[in-house]
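# A structural walkthrough
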Amino acid sequence: MSEPFVAIVMGSDSDLPVMEASFDVLRSFGITFEARITSAHRTPEVTKEYVKDAEQRGCGVFIAAAGMAAHLAGAVSAATVRPVVGVPMNASLDGLDALLSTVQMPAGIPVATVAIGKAGAKNAAYLAAQILSVGNPGLGDKLREERAANAQAIAEKDTALQESLKG
Ligand code: RP5
């Protein structure tokens, strides 16, 4: 059986420049993904059909990004029992509208909501990778290796700071 893939949906092409950060992280771990522009409000039937089809084809995690009255992640979660990660987009009100619309889901229909904007787009992909690593030890190893490299980079920056403070 093929590895589970990640399905990314976003409400508008205006979300794409931010969501490309998710693509980059998934590519860095060699995770197969597909991405669609589909809206909870403008194309509700297409959204539901896509989610049901993707689940049937082996989607392991959905990432849903939307701004303003952001109901896309909730609509995706309503249509699947796969994990859904929601990314609030900063399309208005500094993204606070989208954050609250995405995170405040009623019990039983969860959305794992990450930060507003690019940091959230990256973390959505990391979270998807971590979820998929439950059934993929090699992916878990890659995640641990990247964390070790990040820790090393911080340690080197601190060493450089301490050296510069000595004058
Ligand atoms: C949301 O409305 C989209 O996800 C986007 O963040 C926001 C604005 O969409 P556009 O008017 O730019 O298409 O549905």
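Throughout what follows, the structure given in this document is the object of discussion. If you're wondering where the values come from, they're calculated on a predicted model, not measured in any experiment.

## Quick notes on the overall build of the protein chain
- Secondary structure assignment for the protein chain yields six helices and five strands.
- Each principal axis of the C-alpha atoms in the protein chain carries an extent, and together these give about 65 × 45 × 30 Å.
- Counting every position in the protein chain, which comprises 167 residues, the buried fraction comes to 39%.
- The contacts in the protein chain between residues at least 6 apart in sequence include a share of 64% that link residues at least 24 apart.

## Here we look at the side chain of Thr-102
- Within the secondary structure layout, Thr-102 lies in helix H4 (residues 96–103).
- A polar atom in the side chain of Thr-102 sits 2.7 Å from the backbone oxygen of Ala-98.
- Beyond its immediate sequence surroundings of up to four residues, Thr-102 is in contact with Ala-70, Ala-73, Gly-86, Val-87, Pro-88, Val-111 and Thr-113.

## Remarks on the site of the ligand
- All residues in the neighbourhood of the ligand are listed as Gly-11, Ser-12, Ser-14, Asp-15, Arg-42, Ala-66, Gly-67, Met-68 and Ala-91.
- Between Ser-12 and the ligand, the recorded distance is 2.6 Å, taken from a side-chain N or O atom to an oxygen atom.
- Side-chain polar atom of Arg-42 to an oxygen atom of the ligand: 2.9 Å apart, as the coordinates give it.
- If the ligand stood free it would expose 360 Å²; the protein chains cover 74% of that surface.
- Grouping the amino acids of the shell around the ligand by side-chain chemistry returns three nonpolar, four polar and two charged.

Thresholds, definitions, all that
- Residues numbered from 1 in each chain as written.
- Predicted model: local features only at pLDDT ≥ 70, side-chain atom pairs only at ≥ 80, totals over all residues.
- Heavy atoms only, no water.
- Helix = DSSP H or I, 4+ residues; strand = E, 2+ residues; numbered from the N terminus.
- Buried < 20%, exposed > 50% of the residue type's maximum accessible area, 1.4 Å probe, protein only.
- Contact = heavy atoms within 4.5 Å.
- Polar contact = N/O pair within 3.5 Å; in protein donor to acceptor, adjacent residues only side chain to side chain.
- Near = heavy atom within 4 Å.
- Areas by Shrake-Rupley, 256 points an atom, 1.4 Å probe, with all protein chains shown as cover.
- Nonpolar A, V, L, I, M, F, W, Y, C, P; charged D, E, K, R; others polar.

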